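Summary of structural features
Residue-level listing of the chains:
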Amino acid sequence: DNTKNKEHVLNELSEEELADWDYTKISALGFVNAMFVPHFDATGTNGMKRSEHAEEMLKKDTSTLAIGVENDAALVILGNEALAVSGDGKATCHVVVTCQESGEIKTSALCSKSNPVPVTNLLGCNQ
């Protein structure tokens, strides 16, 4: 139960520990070459929005793209198609890339279940 886990973590950490931490980039399953950002629309106990932290990480590694998954959303990949599924009818996923010409970070919502996109298009969008 995530609620029990969250309460346990909050009870075990000091106020300073809850405020003084940073996100880290780790390896995952490796079948999609992107950085996944769960709870993309949430703010951590350190006061930083996950979406803003993802942008900071992309500025350090402009060849990486990020896929942000909001609370109540899921990224579904079936074969070569990707789509966002919403649990509440509003939540979605976002593709976050660094524009190679300007260095600007750009974010766009991923298509819903009615309009999947080829994974190759999704992963090639920062080329």
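So, here is what we can say about the structure in this document. (Residues numbered from 1 in each chain as written. Predicted model: local features only at pLDDT ≥ 70, side-chain atom pairs only at ≥ 80, totals over all residues. Heavy atoms only, no water.)

Some words on the sheet that holds strand β6 (residues 105-109)
How we decide: Two strands make a pair as long as DSSP finds a minimum of two bridges between them. A helix here means a DSSP run of H or I that spans at least four residues, while a strand means a run of E at least two residues long, and both kinds are numbered starting from the N terminus. Orientation is described by axes fitted as lines to C-alpha atoms, over the contacting stretch for helices, and by angles from 0 to 180 degrees between their N-to-C directions. For this analysis, residues touch if any pair of their heavy atoms sits within 4.5 Å.
Strands sit in the order β1-β2-β5-β6 across an open sheet of four strands; the sheet is mixed. Lying at the two open borders of the sheet, with one neighbouring strand each, are β1 (35-38) and β6. Here the average twist between neighbouring strands, direction ignored, is 20 degrees. Bridge analysis of β1 against strand β2 (residues 66-69) gives four bridges, and the strand direction is parallel. Across the sheet, the residue bridging to Pro 38 is Val 69, located in β2. In this fold helix α3 (residues 50-60) packs onto β1, β2, β5 (93-98) and β6, with an angle of close to 165 degrees to the strand it touches most, β1.

Quick notes on the pairing of strand β3 (residues 73-78)
For β3 and strand β4 (residues 81-86), the ladder comprises six bridges, and the chain directions are antiparallel. In the strand pairing of β4, Ala 74 is matched with Val 85. Taken together, β3 and the strand that follows it, β4, pair antiparallel across an intervening segment of two residues, in which Gly 79 is found at a positive phi of about 60 degrees.

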